[in-house]
Amino acid sequence: GIQVEQSPPDLILQEGANSTLRCNFSDSVNNLQWFHQNPWGQLINLFYIPSGTKQNGRLSATTVATERYSLLYISSSQTTDSGVYFCAVGTGTASKLTFGTGTRLQVTL
Amino acid sequence: GAVVSQHPSRVICKSGTSVKIECRSLDFQATTMFWYRQFPKKSLMLMATSNEGSKATYEQGVEKDKFLINHASLTLSTLTVTSAHPEDSSFYICSAREGTGGRGYTFGSGTRLTVV
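Note that the coordinates shown come from a computational prediction; the quantities given were computed from them, not determined experimentally.

Draft legend 1. Representation of the sheet that holds strand 1 (residues 4-7) of chain B in the model. All names here are of chain B. Here 4 strands make up an open sheet; going across it, the order is 1-3-8-7 and the pairing antiparallel. Looking along the sheet, the strands with just one partner apiece sit at the ends: strand 1 and strand 7 (67-73). Geometrically, the sheet is characterised by an average inter-axis angle of 15° between neighbouring strands, direction not taken into account. Pairing of strand 7 with strand 8 (residues 76-81) involves 5 bridges; the strand directions are antiparallel. Considered in strand 8, the bridge of leucine 68 is made with threonine 80.

Put into structure tokens, the structure is as follows:
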């Protein structure tokens, strides 16, 4: 099956710093989403972005489908951004998502 | 927005007993529901996909008789862990999708199962 690797695995930032999270995938996808899992386990959808660039407040994402990667940018990070960020991809006609390995982010004061 | 309710949020059960976890879509009809398992500090692993009124499709390596999935209506899916053992302890998360488009995956808040 498709492999989805994320980097870095762990990241510690001071409040106000910017960061870039990367998601590499091993095959063509027709669905790519970024999620944030808060410390209590709840997953929140951040972006649906199989290609192109989107922005939502301090977050933005870019997917270059032809090169099989996606980037999530977090600017002016806040302590509430802490948690785990996952990308998840879908292929073909199947509706299921395969989750990446995740990036654990800790934002400190 | 779309809301998925999952309960219980935490359950402790004795080895050998069965536990049922419910996943409900509150304000939309879920054509497809998914069940994931997450070990501590690990990613989500898809266990099975279920469509209303039909049998679930299990991922390779997932025991069908151990993890019973029922998707009896467009708003309710249940996962029953049968004859639970300590190695079944984990965080279980459901997800529901409305329609067939690429968007619209809504996740429940998860169930932490501890088998003692």
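Draft legend 2. Layout of the pairing of strand 3 (residues 19-25) of chain A. Residue and element names in this part refer to chain A. Burial of strand 3 is one-sided: the residues Ser19, Leu21, Cys23 and Phe25 facing one way are buried, the residues Thr20, Arg22 and Asn24 facing the other way are not. When strand 1 (residues 4-7) meets strand 3, the two strands line up antiparallel, connected through 4 bridges. Following the sheet pairing, valine 4 is matched in strand 3 by phenylalanine 25. Relative to strand 8 (residues 69-74), strand 3 is paired through 6 bridges, and the arrangement is antiparallel.

Draft legend 3. Just unusual backbone geometry, in detail. Cis rather than trans, the peptide bond between serine 7 of chain A and proline 8 of chain A has omega equal to -10°. Considering the arrangement of structural elements, one finds proline 8 of chain A in the loop between strand 1 and strand 2 (10-14). The amide bond that connects histidine 7 of chain B to the next residue, proline 8 of chain B, takes the cis arrangement and shows omega of 5°. The backbone of serine 76 of chain A shows a phi angle near 45°, a positive value even though the residue is not glycine. Counting through the fold element by element, serine 76 of chain A comes out in the loop between strand 8 and strand 9 (83-90).

Calculation rules
Residues numbered from 1 in each chain as written. Chains lettered and ligands numbered in written order. Predicted model: local features only at pLDDT ≥ 70, side-chain atom pairs only at ≥ 80, totals over all residues. Heavy atoms only, no water. Pairing = 2+ DSSP bridges. Helix = DSSP H or I, 4+ residues; strand = E, 2+ residues; numbered from the N terminus. Axes fitted to C-alpha atoms, helices over the stretch in contact; angles between N-to-C directions. Buried < 20%, exposed > 50% of the residue type's maximum accessible area, 1.4 Å probe, protein only.

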